[in-house]
Amino acid sequence: MGQEGGGASGRGRCVGRPAGAPKEDGPSGGQFEYLGTVAAGMADSTEVRELVYLVTGGCGFLGEHVVRMLLQREPRLLELRVFDLHLGAWLEELKTGPVQVTAIQGDVTQAHEVAAAVAGAHVVIHTAGLVDVFGRASPETIYEVNVQGTKNVIEACVQTGTRFLVYTSSMEVVGPNIKGHHFYRGNEDTPYEAVHRHPYPCSKAQAERLVLEANGRKVHGGLPLVTCALRPTGIYGEGHQIMRDFYHQGLRLGGRLFRTIPASVEHGRVYVGNVAWMHVLVARELQQRAALMGGQVYFCYDQSPYKSYEDFNMEFLGPCGLRLVETRPLVPYWLLMLLAALNALLQWLLRPLLLYAPLLNPYTLAVANTAFTVNTDKAQRHFGYEPLFSWEDSRTRTIRWVQAMEGSAR
Ligand SMILES: NC(=O)C1=CN([C@@H]2O[C@H](COP(=O)(O)OP(=O)(O)OC[C@H]3O[C@@H](n4cnc5c(N)ncnc54)[C@H](O)[C@@H]3O)[C@@H](O)[C@H]2O)C=CC1
Ligand SMILES: C[C@@H](CO)CCC[C@@H](C)[C@H]1CC[C@H]2[C@@H]3[C@H](O)CC4=CC(=O)CC[C@]4(C)[C@H]3CC[C@]12C
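These figures come from a predicted structure and were not determined experimentally. (Residues numbered from 1 in each chain as written. Chains lettered and ligands numbered in written order. Predicted model: local features only at pLDDT ≥ 70, side-chain atom pairs only at ≥ 80, totals over all residues. Heavy atoms only, no water.)

### Some points on the overall build of the protein chain
- Along its length, the protein chain carries twelve helices and 13 strands.
- Expressed as a percentage of its 410 residues, the buried residues of the protein chain come to 55%.
- Taking the intrachain contacts of the protein chain between residues at least 6 apart in sequence as the baseline, contacts between residues at least 24 apart amount to 81%.
- Here the protein chain has roughly 16800 Å² of accessible surface; of this, 55% comes from carbon and sulfur atoms. (Helix = DSSP H or I, 4+ residues; strand = E, 2+ residues; numbered from the N terminus. Buried < 20%, exposed > 50% of the residue type's maximum accessible area, 1.4 Å probe, protein only. Contact = heavy atoms within 4.5 Å. Areas by Shrake-Rupley, 256 points an atom, 1.4 Å probe, with all protein chains shown as cover.)

Structure below.
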């Protein structure tokens, strides 16, 4: 199941369990006070501002939240470099605080541009990537950005002497696999046959492996590079494009969405603010606990409930006037598979004329219909992670965002 593709050049398939982490337990972490909303001003603290951070993909859905969270909750920040192919105008509003915010328009596939951005940084948070499971980009382009781009970031750290690298990996590095094996309340050490064909999970798995294998390499100056990878499940929250697509689809269908996924197929989801917070915390603690955290992977998790993908979305779309029709899929699975295959064929036929990239394709159907939930406390044990936003807070913030969209949609 899934598009042909994947692997280094988008052909064949990439197999093999992703590089896991040694099974070591660390000390439990302390509590972290909460300094107010992510959108608020900068963190004020008596700590010395001396650190330079670089966030690649800093203008993306997750990247923007990481940038704002760093300004809000990293008191040692002297300079924050935001590197992205497409810079957001909102960056200008961030330049009035005590932290120097440097916007860098650049391409991670261009090694010299990456090296120039990395030079002098203490920490790199690498979120830039092509998050495409809808066939918008070619397998080769996905590989070029997600794998070669990550190679460029690693080499830039080694050449310029940057010692700390946090990589935004993905649950997709693990699964769901092409065999449709469910991953039920799994953790970082749960055995699972991570077999992929699609270019996106393949590229993320290769990139993650490169990052973890780079842990311990000597950087310029002779000290070791310390790396780790975070694996968010499906991220939701303010700015989530797929949620926006579902909402607009519902508006087009007269306020209704038609169930296509059984309610029993649970998918883990995580609020973007908590993913951002985990990035900030792991970047800070990686500097203090290199021996424990270096070369490790951590699932990104919070208290968001386990639900089917569509039922979870309705937690936010329901209060905004949409209704999910039927308690079970209206359309039999074999017909959904046929419709998904037709979408893939149409995409291929229309490609010379226009980009046709609907939500339903063979890959998204397969992923949506395979349960994938995580239950772990490794990040809490290794670096004291606790979600910054409760489920109720995450839900309220996301609903408010959809409502603001609703206002703009009328
Ligand atoms: N959205 C999700 O549910 C999940 C996302 N992730 C990972 O989180 C990271 C961020 O994902 P999102 O924020 O959802 O995606 P996004 O597409 O909103 O953000 C990605 C950012 O990277 C930038 N970018 C793309 N190609 C680039 C290039 N060649 N050079 C420089 N910048 C480039 C884009 O302009 C964009 O701002 C990705 O690495 C993705 O694999 C992991 C798990 C779940
Ligand atoms: C039956 C289809 C139409 O109704 C299914 C519609 C839902 C899909 C678009 C989503 C179901 C699962 C999502 C993926 C999952 O959350 C894991 C992901 C991790 C990432 O790193 C990037 C995003 C994604 C692949 C996410 C994409 C959208 C779904 C396939």
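### Overview of the site of ligand 2
- Every one of the 19 residues lining ligand 2 counts as a neighbour, but Val131, Ser170, Tyr200, Gly234 and Thr260 are closest to it.
- Contact between ligand 2 and Ser170: an oxygen atom at 2.7 Å from a side-chain N or O atom of the residue.
- Within the side chain of Tyr200, one N or O atom sits 2.6 Å away from an oxygen atom of ligand 2.
- Compared with its free state, where it exposes 620 Å², ligand 2 has 92% of that area covered by protein.
- Every element with two or more residues in the shell around ligand 2 is listed here: helix 5 (241-252), helix 8 (309-317) and helix 10 (362-368).
- No other element matches the four residues that helix 10 contributes to the shell around ligand 2.
- Here the shell around ligand 2 is composed, by residue class, of twelve nonpolar, five polar and two charged. (Near = heavy atom within 4 Å. Polar contact = N/O pair within 3.5 Å; in protein donor to acceptor, adjacent residues only side chain to side chain. Nonpolar A, V, L, I, M, F, W, Y, C, P; charged D, E, K, R; others polar.)

### Points about the packing of aromatic side chains
- By the definition in use, this model includes 15 aromatic pairs.
- Centre to centre, the rings of Tyr192 and Phe372 are 6.5 Å apart; their planes meet at 85°, and the pair counts as edge-to-face. With Tyr192 in the loop between strand 6 (183-186) and helix 4 (199-214) and Phe372 in strand 13 (residues 372-374), the pair connects residues that are 180 residues apart, well separated along the chain.
- Taking 5.7 Å as the distance between ring centres and 55° as the angle between the ring planes, the aromatic pair formed by Tyr236 and Tyr271 counts as tilted. Note that Tyr236 is positioned in strand 8 (residues 234-236) and Tyr271 in strand 10 (residues 269-271), a separation of 35 residues in sequence.
- The class of Tyr271 is buried, set by a relative accessible area of 2%.
- Following the ring pairs from residue to residue traces out a cluster consisting of Tyr236, Tyr271, Phe312, Phe316, Phe389 and Trp391.
- Positioned over the ring face of Phe299 is Arg231, at 5.7 Å from the centre of the ring. (Phe/Tyr/Trp six-rings, centres within 6.5 Å; stacked < 30°, edge-to-face > 60°. Lys NZ or Arg CZ within 6 Å of the ring centre and 35° of its normal.)

### Some words on the UniProt feature "domain: 3-beta hydroxysteroid dehydrogenase/isomerase" (unreviewed entry) in the protein chain
- Sites flagged by UniProt as "domain: 3-beta hydroxysteroid dehydrogenase/isomerase" (unreviewed entry) map to residues 54-326.
- Annotated as residues 54-326, this span is 36% helix and 20% strand, and its ends, taken at the C-alpha atoms, are 47 Å apart. (UniProt positions renumbered as here; feature names shortened; annotations may be inferred.)

### Quick notes on the site of ligand 1
- As a matter of local geometry, ligand 1 sits amid 25 residues, with Leu62, Asp84, Asp107, Tyr200 and Lys204 nearest to it.
- Note that an oxygen atom of ligand 1 is positioned 2.9 Å from one of the backbone N or O atoms of Phe61.
- Interatomic distance of 2.9 Å between a side-chain N/O atom of Asp107 and a nitrogen atom of ligand 1.
- Isolated, ligand 1 exposes 820 Å² of accessible area, and the fraction of that covered by the protein chains is 86%.
- Contributions of two or more residues to the shell around ligand 1 are made by helix 1 (61-73), helix 4 and strand 8.
- Grouping the amino acids of the shell around ligand 1 by side-chain chemistry returns eleven nonpolar, eleven polar and three charged.

### Notes on the pairing of strand 5 (residues 164-168)
- In terms of burial, strand 5 is a largely internal element, five of the five residues being buried.
- By the bridge criterion, four bridges tie strand 4 (residues 123-126) to strand 5 in an arrangement that is parallel. What sits directly across from His126, in strand 5, is Tyr167.
- A crossover connection joins strand 4 to the parallel strand 5 through helix 3 (residues 139-160); in handedness this β-α-β unit is right-handed.
- With five bridges joining them, strand 5 and strand 7 (residues 226-232) adopt parallel strand pairing. For Leu165, the partnering residue across the bridge sits in strand 7 and is Thr227. (Pairing = 2+ DSSP bridges. Right-handed = clockwise from strand over helix to strand, strands pointing away.)

### Overview of unusual backbone geometry
- Look at the link from Gly175 to Pro176: it is a cis peptide, with omega at 0°.
- Along the polypeptide, Pro176 turns up in the loop between strand 5 and strand 6.

### A word on the nonpolar core
- Counting 77 residues, the largest nonpolar core has Tyr53, Leu70, Leu80, Ile125, Leu317 and Phe383 as its most contacted members.
- Every residue in contact with Leu70, bar those within four places of it in the chain, is listed here: Tyr53, Val55, Leu77, Leu80, Ile125 and Val280.
- The next biggest cluster of nonpolar side chains, apart from the first, holds 27 residues, and it includes Ala115, Val118, Ala128 and Val219. (Core = buried A, V, L, I, M, F, W, Y, C linked by side-chain atoms within 4.5 Å.)

### Details of the side chain of Lys204
- Following the sequence through the fold, Lys204 ends up in helix 4.
- It is Glu208 that comes nearest to the buried, bridge-free Lys204 among opposite-charge side chains, at 8.2 Å.
- Discounting residues that sit within four places of it in the chain, Lys204 has contacts with Asn146, Tyr167, Thr168, Ser169, Ser170 and Val173. (Lys, Arg positive; Asp, Glu negative; His and termini not counted. Salt bridge = Lys/Arg side-chain N within 4 Å of Asp/Glu carboxyl O.)

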